[in-house]
Amino acid sequence: MVRKSETEPLRLGVNIDHVATIRNARGGRHPDPLRAAHIAIAAGADGITAHLREDRRHIGDDDIARLKNELTRPLNLEMAATEEMLAIALRHVPNACCLVPEKREERTTEGGLDVAGTGDRLASVVQRLKAADIRVSLFVEPGARTIAASAAVGADIVELHTGTYCEHVLAGDVGAVSAERERLAAAAKQAHGLGLEVHAGHGLTYNTVAPIAAIPELVELNIGHFLIGEAIFGGLSDAVGQMRAKMLEARRKVSPVTVHESAT
Ligand code: PXP
C-alpha cells in the first residue's frame, strides 16, 4: 500500500563552530560557543552542531564536554572517522555523529565522504557508534553510488553536501543551479527510499535555503557560517529566526512525501 505522509517538519541544526573561531583568534573564553548554543535554541534551533577537527582550529575538547553536559537539545558531533574521534564520541555520547572527510589544509569541509571507497573501515566506525546508541550520519555528495553505499555500511542518516549548489548560486549559473538542485532532490529521494533519514547542509544562506528546504524528504538542515556572520549585524536570535521563517515558508509549499507501507 502506498500512502501520502504528512510533510515532516524541517529541523534546523545550528553549527556554532565559528563562535569558537572568533574566540580562538584571541585565546581566552569570549565569545563562548555554549552561550551561542543557548541563544540559538531559545530562538528556535532544534539542535546544535559542532565539528571537533583534528587540529582543534575552532571547537575544542572542553567545548564538546560542556555542550554535551549543558545543552537542552540534541548535540550533533561532526568528526572525521578516526580512532581518536571515535574514542571522544564514545566518551561523550552525543545524540548523533556526522562523519565527514577532513583534510588538514582545507578551509572548510571540502566534498563528501568517499563511502564506496572506504566501506569496511567506515562500516566498523558506524557500527561502534551505533552500538553506543549514537545515531550515525554520513556527509556525502548527492550521487547514487554514494547513497547506496551509505545504506550498505549501516548509516542511519545521510547529510547531503549543498556546497556545490550554493557555489553555483553565487556564480549566477542558472543551468548549473538547476542541475545540482535536481541531483540533490534525486539523492534525497533515493536515500529516503532506502530507509535513510535525509539531512543537508553547507554554505546555506537566506538566499539559497528555500529551494533546498523545499526538497520533501529532508528532515534537517545544518547551517553555521552564514548565521554566525549575520549575528554580527543583527544578533544570533534574529538570524536564527529569519532562517527558520524562510525554511517554514519553503516547506509550506511542499507536497507530502509518498511512503511505501507493507500491506499488513
Ligand atoms: N554540515 C556539515 C557536515 C559541515 O561540515 C558543515 C561545516 O562545518 C556544515 C553542515 C555547515 O556549513 P556552513 O558553516 O557552511 O553553514
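Preceding block: the structure.
Here is a short report on the structure shown in this document. (Residues numbered from 1 in each chain as written. Predicted model: local features only at pLDDT ≥ 70, side-chain atom pairs only at ≥ 80, totals over all residues. Heavy atoms only, no water.)

### Considerations on unusual backbone geometry
Backbone phi values are negative for most residues with the exception of glycine, while trans is the configuration of most peptide bonds.
Working step 1: Between His30 and Pro31 the backbone carries a cis peptide bond, its omega angle lying at -5 degrees.
Working step 2: With respect to the helices, strands and loops of the structure, Pro31 is situated in the loop between α1 (17–26) and α2 (33–42).
Working step 3: Phi at Arg56 is positive, roughly 55 degrees, even though this residue is not glycine.
Working step 4: Relative to the helices and strands, Arg56 resides in the loop between β3 (47–51) and α3 (61–70). (Helix = DSSP H or I, 4+ residues; strand = E, 2+ residues; numbered from the N terminus.)

### Some details on the site of the ligand
Working step 1: Glu78, Glu159, Gly203, Gly224 and His225 are the nearest of the 14 residues found near the ligand.
Working step 2: Within the backbone of Gly224, one N or O atom sits 2.8 Å away from an oxygen atom of the ligand.
Working step 3: Protein chains bury 95% of the 390 Å² of accessible surface belonging to the ligand in isolation.
Working step 4: Among the detected pockets, the ligand sits in the largest pocket.
Working step 5: Residue classes in the shell around the ligand are distributed as 4 nonpolar, 7 polar and 3 charged. (Near = heavy atom within 4 Å. Polar contact = N/O pair within 3.5 Å; in protein donor to acceptor, adjacent residues only side chain to side chain. Areas by Shrake-Rupley, 256 points an atom, 1.4 Å probe, with all protein chains shown as cover. 1 Å grid on protein atoms, 1.4 Å probe; cavity = no way out; pocket = protein on both sides within 12 Å on 5 of 7 lines; lining within 4 Å. Sits in = over half its atoms within 2 Å of the grid points. Nonpolar A, V, L, I, M, F, W, Y, C, P; charged D, E, K, R; others polar.)

### Remarks on the packing of aromatic side chains
Working step 1: By the definition in use, this model includes 1 aromatic pair.
Working step 2: Arranged with centres 4.7 Å apart and planes meeting at 80 degrees, the rings of Tyr206 and Phe226 form a pair that is edge-to-face. You can see Tyr206 sitting in the loop between β8 (197–201) and α9 (209–213) and its partner Phe226 sitting in helix α10 (residues 225–234), a full 20 residues away along the chain.
Working step 3: The class of Phe226 is partly exposed, set by a relative accessible area of 21%. (Phe/Tyr/Trp six-rings, centres within 6.5 Å; stacked < 30°, edge-to-face > 60°. Buried < 20%, exposed > 50% of the residue type's maximum accessible area, 1.4 Å probe, protein only.)

### Let's talk about the environment of Tyr206
Working step 1: The class of Tyr206 is buried, set by a relative accessible area of 19%.
Working step 2: Taking the C-alpha atoms as reference points, Tyr206 and Ala239, 33 residues apart in sequence, are found 9.2 Å from one another.
Working step 3: Beyond its immediate stretch of four places on either side in the chain, Tyr206 contacts Phe226, Glu230, Asp238, Ala239, Gln242, Met243 and Lys246. (Contact = heavy atoms within 4.5 Å.)

### Considerations on the nonpolar core
Generally speaking, soluble globular proteins have nonpolar side chains that are buried together.
Working step 1: Membership of the largest hydrophobic core comes to 74 residues, with the highest contact counts inside it found for Leu99, Leu129, Leu138, Leu160 and Leu221.
Working step 2: Those residues within four positions of Leu160 in sequence are excluded, and the remaining contacts are Phe139, Val140, Pro142, Ile147, Leu184, Ala187, Ala188, Val198, His199, Ala200 and Gly201. (Core = buried A, V, L, I, M, F, W, Y, C linked by side-chain atoms within 4.5 Å.)

### Considerations on the sheet that holds β8
Working step 1: Strand order in the closed barrel formed by 8 strands is β2-β3-β4-β5-β6-β7-β8-β9, with parallel pairing between adjacent strands. Within the sheet, the average angular offset between the axes of one strand and its neighbour, ignoring direction, is 25 degrees.
Working step 2: Two strands pair when backbone bridges link them, and β8 and strand β9 (residues 218–223) are joined in this way by 4 bridges, in the parallel orientation. When the bridges of β9 are listed, Val198 appears paired with Leu218.
Working step 3: Against the sheet, helix α11 (residues 236–252) contacts β2 (11–15) and β9, and its axis sits at roughly 150 degrees relative to β2. (Pairing = 2+ DSSP bridges. Axes fitted to C-alpha atoms, helices over the stretch in contact; angles between N-to-C directions.)

### A word on the layout of surface pockets
Working step 1: Here the largest pocket defines a volume of roughly 720 Å³.
Working step 2: Residue lining of the largest pocket: 31 residues in total, with Thr108, His202, Gly203, Leu204 and His225 positioned closest to the centre.
Working step 3: Mapped onto the lining of the largest pocket, the elements with two or more residues apiece are α1, α7 (163–171), β9 and α10.
Working step 4: No other element matches α7, which puts 5 residues into the lining of the largest pocket.
Working step 5: For the lining of the largest pocket, the residue count by class is 8 nonpolar, 16 polar and 7 charged. (Points joined across faces, edges and corners; volume = space filled by probe spheres on them.)

### Here we look at the pairing of strand β6 (residues 135–140)
Working step 1: The buried count for β6 comes to 5 of 6 residues, which makes it a mostly enclosed element.
Working step 2: Bridge count for strand β5 (residues 96–99) against β6 is 4 bridges, and the pairing is parallel. By the bridge assignment for β6, Cys98 is matched with Ser137.
Working step 3: Here β6 pairs with strand β7 (residues 157–161) via 4 bridges, running parallel. What sits directly across from Leu138, in β7, is Val158.
Working step 4: Remark: the β6/helix α6 (residues 144–152)/β7 crossover connection has right-handed handedness. (Right-handed = clockwise from strand over helix to strand, strands pointing away.)

What is shown is where atoms sit, not what they do.
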